[in-house]
Amino acid sequence: MSKTHVTTTINGEPAEFLAEAGLTLLDALRDEVGLTGTKEGCGSGDCGACSVIVDGRLVCSCLMLAVEAEGSTIETIEGVATGDTLHPLQRKFIEYAALQCGFCTPGFLVAAKSLLEKNNNPTETEVRFWLAGNLCRCTGYDKIVRAVMDAAAEMRGA
Amino acid sequence: MTYIGNKSDLRVVGTRPDRPDGVDKVTGRAIYGADFRLAGQLVGRILRSPHAHAKIIKIDTSKARALPGVKAVMTAQDMPNITSEESFVGEGPTNFRDQSLNVMARDKVLYEGHAVAAVAAMSPSIAEAALALIEVTYEVLPHVIDVEEAMAPGAPILDETLFTAGVDPKPTTPSNIAKKIILKSGDIDAGFAKADIIAEGRYVTAAVHQAYIEPHACVATIGADGQATVYASSQGHFMIRAFCAKLLGMEISNIRVIPLEIGGGFGGKTIVYLEPVALTLSKMAGKPVKLVMTREEVFRASGPTSGAVVEVKMGAMKDGTIVAAQAVLKYQAGAFPGSPVQPGLMCAFAMYDIPNVHLTGYDVISNRAKVAAYRAPGAPISSYAAEQVVDDLARQLGMDAITIREKNAAKAGTKTVYGVTFPEIGYEAVLAAAKSHAHWKAPLGKNQGRGIATGFWFNIGGESSASVFVNEDGSVSVVSGSPDIGGSRASMAMMAAEVLGIPVANVRPIIGDTASIGFTNVTGGSRVTYATGMATVQATEKVIEQLKQRAAMIWDISPDAVDWKDGQAVPAGANAGGFDPLSLAAIAAKAGKTGGPIGSEVSVNAQGAGPGFGAHICDVEVDRETGQTTILRYTAIQDVGRAIHPSYVEGQIQGGAVQGIGWALNEEYIYDAKGKMDNAGFLDYRVPVASDLPMIEAVLVEVPNTRHPFGVRGVGEVPIVPPMAAIGNAVRDAIGIRMHSLPMSPPKVRKALDSGQG
Ligand code: FES
Ligand code: FES
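Residues numbered from 1 in each chain as written. Chains lettered and ligands numbered in written order. Predicted model: local features only at pLDDT ≥ 70, side-chain atom pairs only at ≥ 80, totals over all residues. Heavy atoms only, no water.

1. Quick notes on the overall build of chain B
Right, so step 1: Counting its secondary structure elements, chain B contains 20 helices and 26 strands.
Right, so step 2: For a compact globule of 758 residues, the expected C-alpha radius of gyration is about 27 Å, and chain B comes in at 27 Å, within 12% of that figure.
Right, so step 3: Each of the 758 residues in chain B was classed as buried or not, and the buried ones make up 65%.
Right, so step 4: Summarising the internal contacts of chain B: among those between residues at least 6 apart in sequence, 79% fall at separations of at least 24.
Right, so step 5: Only carbon and sulfur atoms are counted for the fraction: they give 51% of the accessible area of chain B, which is about 25900 Å².
Right, so step 6: In chain B, 69 side chains carry a positive charge and 75 a negative one; their mean positions are 2 Å apart. (Helix = DSSP H or I, 4+ residues; strand = E, 2+ residues; numbered from the N terminus. Rg over C-alpha atoms; globule rule 2.2 N^0.38 Å. Buried < 20%, exposed > 50% of the residue type's maximum accessible area, 1.4 Å probe, protein only. Contact = heavy atoms within 4.5 Å. Areas by Shrake-Rupley, 256 points an atom, 1.4 Å probe, with all protein chains shown as cover. Lys, Arg positive; Asp, Glu negative; His and termini not counted. Charge placed at Lys NZ, Arg CZ, Asp CG, Glu CD.)

2. So, the domain arrangement of chain A
The parts lose accessible area when they come together, and the size of an interface is often stated as this lost area.
Residues and elements named next belong to chain A.
Right, so step 1: Here the domain parsing of chain A yields domain 1 (4-79) and domain 2 (88-156).
Right, so step 2: The distance between the C-alpha centroids of domain 1 and domain 2 comes to 21 Å.
Right, so step 3: With 16 residues of domain 1 at the contact, the number on the domain 2 side is 14 residues.
Right, so step 4: Counting each side, the surface lost to burial between domain 1 and domain 2 is near 1100 Å², with a carbon and sulfur contribution of 64%.
Right, so step 5: Where domain 1 meets domain 2, there are 1 salt bridge.
Right, so step 6: Linking glutamate 75 and lysine 113 is a salt bridge whose minimum nitrogen-to-oxygen distance equals 2.3 Å.
Right, so step 7: Where domain 1 packs against domain 2, one counts 4 residue pairs in polar contact (both at pLDDT 80 or more). (Domains from an automatic or database assignment. Buried area = accessible area lost by both parts, 1.4 Å probe. Salt bridge = Lys/Arg side-chain N within 4 Å of Asp/Glu carboxyl O. Polar contact = N/O pair within 3.5 Å; in protein donor to acceptor, adjacent residues only side chain to side chain.)

3. A closer look at the interface of chain A and chain B
Right, so step 1: Taken together, the contact between chain A and chain B spans 45 residues of the former and 51 residues of the latter.
Right, so step 2: For the chain A and chain B pair, buried surface summed over both sides reaches about 3900 Å², with 58% attributable to carbon and sulfur atoms.
Right, so step 3: By the criterion of area lost to chain B, the three top residues of chain A are Ile94, Gln100 and Arg137 of chain A, representing 22% of everything that side buries.
Right, so step 4: Inspection of the region where chain A meets chain B yields 5 salt bridges.
Right, so step 5: Note that aspartate 35 of chain B is salt-bridged to lysine 39 of chain A, the shortest N-O span being 2.4 Å.
Right, so step 6: Put simply, chain A and chain B have 25 residue pairs in polar contact (both at pLDDT 80 or more) between them.
Right, so step 7: At the level of secondary structure, the elements contributing two or more residues to the side of chain A that touches chain B comprise helix H1 (25-33), helix H2 (88-95), helix H3 (105-118), helix H4 (124-130) and helix H5 (142-156) of chain A.
Right, so step 8: Taken together, the residues of the side of chain A that touches chain B sort by class into 22 nonpolar, 9 polar and 14 charged. (Nonpolar A, V, L, I, M, F, W, Y, C, P; charged D, E, K, R; others polar.)

4. Focus on unusual backbone geometry
Right, so step 1: In the segment running from aspartate 168 of chain B into proline 169 of chain B, the intervening peptide bond is cis, with an omega of -5 degrees.
Right, so step 2: Topologically, proline 169 of chain B is positioned in the loop between helix H5 (147-151) and strand E7 (177-185).
Right, so step 3: Leucine 742 of chain B connects to proline 743 of chain B through a cis peptide bond whose omega is -5 degrees.
Right, so step 4: Within the secondary structure layout, proline 743 of chain B lies in the loop between helix H19 (723-735) and helix H20 (746-755).
Right, so step 5: Even without a glycine there, the phi angle at tyrosine 141 of chain A is positive, about 75 degrees.
Right, so step 6: On the basis of relative accessible area, tyrosine 141 of chain A is assigned to the buried category, the value being 0%.
Right, so step 7: Despite not being glycine, aspartate 556 of chain B shows a phi value in the positive range, around 60 degrees.
Right, so step 8: In this fold, aspartate 556 of chain B is placed in the loop between helix H16 (528-555) and strand E20 (562-565).

5. Quick notes on the packing of aromatic side chains
Residues and elements named next belong to chain B.
Right, so step 1: For the structure on display, the rule yields 22 aromatic pairs over all chains.
Right, so step 2: Measuring from centroid to centroid gives 5.0 Å for tyrosine 3 and phenylalanine 710, while their planes differ by 25 degrees, and the two rings are stacked. Of this pair, tyrosine 3 sits in the segment before helix H1 (22-27) while phenylalanine 710 is found in the loop between strand E26 (696-701) and H19, placing the two residues 707 residues apart along the sequence. Each of the two residues, tyrosine 3 as well as phenylalanine 710, counts as buried.
Right, so step 3: The interplanar angle of 65 degrees and the centroid separation of 5.6 Å between the aromatic rings of phenylalanine 422 and phenylalanine 456 together place this pair among those described as edge-to-face. Here the residue phenylalanine 422 occupies a position in the loop between helix H12 (401-407) and helix H13 (427-436), and phenylalanine 456 occupies one in strand E16 (residues 448-457), the gap between them amounting to 34 residues.
Right, so step 4: Under the relative-accessibility criterion, phenylalanine 422 is labelled buried at 4%.
Right, so step 5: Residue phenylalanine 456 is classed as buried on the basis of its relative accessible area, which comes to 0%.
Right, so step 6: The ring of phenylalanine 192 has lysine 313 sitting right over it, with the charged end atom 4.5 Å from the ring centre. (Phe/Tyr/Trp six-rings, centres within 6.5 Å; stacked < 30°, edge-to-face > 60°. Lys NZ or Arg CZ within 6 Å of the ring centre and 35° of its normal.)

6. Remarks on the environment of glycine 378 of chain B
All names here are of chain B.
Right, so step 1: Considering the arrangement of structural elements, one finds glycine 378 in the loop between strand E15 (356-365) and helix H11 (379-397).
Right, so step 2: Classification of glycine 378 as buried rests on a relative accessible area of 2%.
Right, so step 3: Each C-alpha atom, one on glycine 378 and one on methionine 151, is 19 Å from the other, the two residues being 227 residues apart in sequence.
Right, so step 4: Apart from the residues within four sequence positions on either side, glycine 378 is in contact with Tyr331, Pro340 and Gly344.

7. Quick word on the side chain of serine 382 of chain B
Right, so step 1: Tracing the chain through its elements places serine 382 of chain B in helix H11.
Right, so step 2: Excluding its chain neighbours within four sequence positions, the residues that come into contact with serine 382 of chain B are Leu329, Tyr331, Gly344, Cys347 and Ala348 of chain B.

8. Thoughts on the packing of H11 of chain B against H19 of chain B
Residue and element names in this part refer to chain B.
Right, so step 1: Two numbers describe how H11 lies on H19: the axes approach to 8 Å, and their chain directions differ by 35 degrees. Note that H11 runs across H19; the crossing there is right-handed. Residues Pro380, Ser383, Tyr384, Glu387, Gln388, Asp391 and Arg395 of H11 lie in contact with H19, whose contacting residues are Met724, Ala725, Gly728, Asn729, Arg732 and Asp733.
Right, so step 2: Tallied by class, residues from the contact of H11 with H19 come to 4 nonpolar, 4 polar and 5 charged. (Axes fitted to C-alpha atoms, helices over the stretch in contact; angles between N-to-C directions. Left-handed = near helix turned anticlockwise from the far one by under 90°.)

Here it is in structure tokens:
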């Protein structure tokens, strides 16, 4: 099967890979680029574990073909921290014990980051609805919602 | 030694430090099952049965083998045909032969999704093409899905060699009822004769999946010398080693299993599905093989827990004393025997001191995926029925739902129907906390209702190993054999730090593989903080003895004259001499000159895990137009013995409660007329999402378990026991109709509102 050469920017760095026609962006990130922080929980757009930001938009990378990413700018969990400095969301997730197994965590962090970029002062209901596309089976969401709200407050300087 | 004493003396236990694996998990660095890869690994794929029940007439793999890029094709013929033997690892009853047949079907397929063949190839697309080239000839057989239909005379028989155990005389015709179990105490007829009132009901639950977000995954590699290594995410790498050895006829010493991070399990990762297949393929291909399930495979071929029919009848006197309790439990086991009906029986009425109890259980096979353990296996199902009948008793008596429970509460000295007498337990403390909680008295609005239900789980101890090493700089490593599924590394480090008197940041906890730490049973039964914690504490205490000896050597005094205090060796009294304290780091720096490295490993078979009790209060609002039930407020109260890291204990309670909410309102396996699962994906099998829920308030009651150094009780399983009945009772309160089957989905509630019957 012939492969297409795809050129992207991932977490601020140029990244190129070869993709079969049916390869998802998720599999390209994990298997071709070697960024395994983005997870597959379902492969059908229902769990959000594969959340990444493509050209500023939150997407399920399992639902996007890798070849569609040509020329785009992609942000994954590996790009959320700045060097050794964790993003406030990452710090708050640890502080609030918002992760148990941690498998859903990359998806939640990427989704929450994209929420806070649009709305820096979300209500609890807004957080819950924005994150409704991300499944967590361990925590019951309580501590996740609190961590996101508190990170938002901190980022607002409240 | 015990550290239960005064809670305020504890410096680390009971605080909320950052977990040691936190940064890895928020940055994407942590390596889970599917993240691992070995150079040159092949892609494995499994071919699964499209039929619910069929004979395998022939499997022709020649075309698949001939496809370029295919390196191995296997069927059950490539695995040993092993004999029946009860398994000794994992959680819940299972048999090695059944496991083998579940991993790869031999003569018959017993459910849709049952594995029949597997391939290893150079790429995913080649592996998938190869699957399509395998020709399987089936003779389709009649199938049975429903538990009572499977029990009925004339039902399609799954296993001609299965005769119901536990009935006298021994049956002469095969049956899908693998086992009948009776548990009783007192005289049930006399009990009912004494009762002033009777409440009863027939309740039906659906099969539900553990639905961990990480699908099963592993990489296996085996060399020409027969030495195998398996990298897998599971609830027990020693379990994987034992199963692979048994199922493949290998020596235990030839298999090393290295645990990867695990993305949830809830009991569902206490058995093997992929590892023996990956090992067989690797052996055939001479290369490492990686197998990862799709979500659809997870639903069709792993988990779930039993759906069931439960009939409960209880009798009480006018003053609220429950004098008789009877239940019949029919649990689906899936395609092989081994439903959790036994613990279902044992837990049904365990919260109460009832003189006359009669319980009958049936373990029933049908053409569904083999059930796996799911958080407090069996207990949520029987409690769902029993706790609604208790609610009906209270309603008939006009009694407060907590008061009736207080009146009949089990306490220290209560003898259970299964023969155990309870030690110090916290059920009454939990009820008192529920009664005094503001939630219990808060006002309710129109179409709203409140329910309470309580639950019990044994919690187990068992075999665990841990070792503690002092590094050259005085930092400490704690190695244990328990996969960390929700923060146990944090609790091990905290217990070691507390005992040593050092900051938790100085302790690095890791999980050892099967070749680097002693046998440790699965992370299940809520046993890790209890049993592995006990091993960790004991190993730490041995290290302290060594540290005292080393200090004695340095000071040239007797070891008896040295005390360990606040992370330092100090002279035991004025007579011991006037030495300055020696820190851990100072002693570690001299270890080479005082006898070598300092460290200790302890293995335990921990007994005396403390029974756990919880009470959940739930408010719902039912939309009379759509039948939709919304959870408005939820409070979960539980005796946790002592919380090592309260945030993770709360997290267990919140997570368990929400799984129970899903079980109550949305989740179910749905089958079509051909016995195929209709909803094998997260779109149609709907687990709760953030917008479905309010905050879940977790209230920790601490009645220390005196048999653990810190008073720990298991906490992870109790919280899934009460939710279904709590919600059922709340819905009953809201609409005046008792719902009798799960899930209480909108169409069902709507129908009940229309017909007046649930
Ligand atoms: S893996 Fe993409 S949404 Fe689940
Ligand atoms: S922490 Fe395990 S799925 Fe969210």
